[in-house]
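# Fold and geometry: a report
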Amino acid sequence: VAGLAAVGAASSLGAIVRATDPRPEVADQVRSLGGEYLAVDVAQEESADGYAKATSADYDRAAARLYHEQARDVDVVITTALIPGRPAPRLLTAADVAAMRPGSVVVDMAAAQGGNVEGTVAGRTVVTGNGVTVIGYTDLAARLPAQASQLFGTNLVNLLRLLTPGKDGRIVIDFDDVVQRTVTVVRAGTVTWPPPPVAVSAAPPATAPPATSPAAPVGGRPRLLTPAGRFGLIGLGMLATFLLVAFAPAQLAQNFTVFALAVVIGYYVIGKVHHSLHTPLMSVTNAISGIVVIGALVQIGHESTLVTVLSFVAILLTSVNIFGGFAVTRRMLSMFSRGESR
């Protein structure tokens, strides 16, 4: 959350922000806040709690090339890579720092655990021979007392608002809320700590390959359709589509074209997005909902009762999605807003 808040703040100030992370769900989060996501095209295993594990050798080699290219182009680099219980991984080498322009700044937030940047000195600021400043402070939080107090106070205010839904000072614990369940230690004399783990990663959990019995065929389950059969079905589908458009009335051909475009958009926008990321917060989702609402409004006065009913259902469902998106967005933004003084 802190990194995403920094991406959003820097973007709002006019900076060109680039970010990278081994976790796949970070890509959409960075883009939603105006940043550019730098992908390392190597599969990376994740833990169940959403935090990245130690990266593989292939990932490290691909990431090293990416970091070297970016070091020659950017003016400010902030590194935050840490793995619990291990020294900080080395992300930028001395050659990467030497490739940066004079006056550039590197903030190594992992300096206390050895640093992500070669040449970082814990607790000190170092200026390299080519004029690059490498900041290795280990007390960054202590250097921001006003901001830290303000953020902590805002968190407390928002937590109390969450715990007192009636705004009457009476605390009501809702165990269905993941935030309240996580911070509750004892409830009605029963110890509820530690809380159940919260799955925050968008990557699907790794599943072990099914065990094969001795009687099973060596090749596994036979394929139901050969490549030739698949291409044959595609050809038949194209031929059927051509005949339908060629001999159908003009109005049907026009409606079929719209239907085909809707299927393509739905496949690539909805089918290709992981379900845990496809929320009302996605601008694409709200855009699709707006298109559906407009189309339903146009058709709601149709002569057919069935078309009118379907149009009403479409307006109802998409309106729930749109207004639900605003409600969820408002709640998320309140986490970063300053609490009202009373």
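Anything mentioned here points back to the structure above.
What you see is a predicted model; the values in this text were computed from it and never measured.

### Looking at the sheet that holds strand β4 (residues 105-108)
Across the sheet, which stays open at both edges, the four strands sit in the order β3-β4-β6-β5 with mixed pairing between neighbours. Each edge of the open sheet is held by one strand with a lone partner, namely β3 (76-79) and β5 (125-127). Each adjacent strand pair in this sheet contributes to an overall mean axis angle of 15 degrees, direction not counted.

### Thoughts on the pattern of salt bridges
Inspection of every chain in the model, using the stated rule, returns seven salt bridges. Arg-31 is the salt-bridge partner of Asp-28, the closest N and O atoms lying 3.7 Å from each other. Of this pair, Asp-28 and Arg-31 both sit in helix α2 (residues 26-32), separated by three residues, roughly a single helical turn. What makes Arg-31 partly exposed here is its relative accessible area of 48%. One salt bridge in this structure joins Arg-143 and Asp-139, with 3.0 Å as the shortest N-O distance. Exposure remark for Arg-143: the relative accessible area of 44% places this residue in the partly exposed category. Taking relative accessible area as the criterion, Asp-139 reaches 34% and is therefore assigned partly exposed. Connected via shared salt-bridge partners are Arg-18, Glu-36 and Asp-73.

### Notes on the pairing of β4
Inspection of the sheet shows β3 paired to β4 by four bridges, in the parallel sense. Counterpart to Val-76 in the pairing with β4 is Val-105. Relative to strand β6 (residues 133-135), β4 is paired through three bridges, and the arrangement is parallel. Looking at the pairing, Val-107 lines up with Ile-135 of β6.

### Topic: the environment of Ile-291
Its place among the elements puts Ile-291 in helix α9 (residues 283-299). Ile-291 sits in the exposed class, given a relative accessible area of 60%. When the C-alpha positions of Ile-291 and Thr-318 are compared, they lie 9.5 Å apart, and in sequence the two are 27 residues distant.

Definitions and cut-offs
Residues numbered from 1 in each chain as written. Predicted model: local features only at pLDDT ≥ 70, side-chain atom pairs only at ≥ 80, totals over all residues. Heavy atoms only, no water. Pairing = 2+ DSSP bridges. Helix = DSSP H or I, 4+ residues; strand = E, 2+ residues; numbered from the N terminus. Axes fitted to C-alpha atoms, helices over the stretch in contact; angles between N-to-C directions. Salt bridge = Lys/Arg side-chain N within 4 Å of Asp/Glu carboxyl O. Buried < 20%, exposed > 50% of the residue type's maximum accessible area, 1.4 Å probe, protein only.

That is the geometry; function is a separate question.
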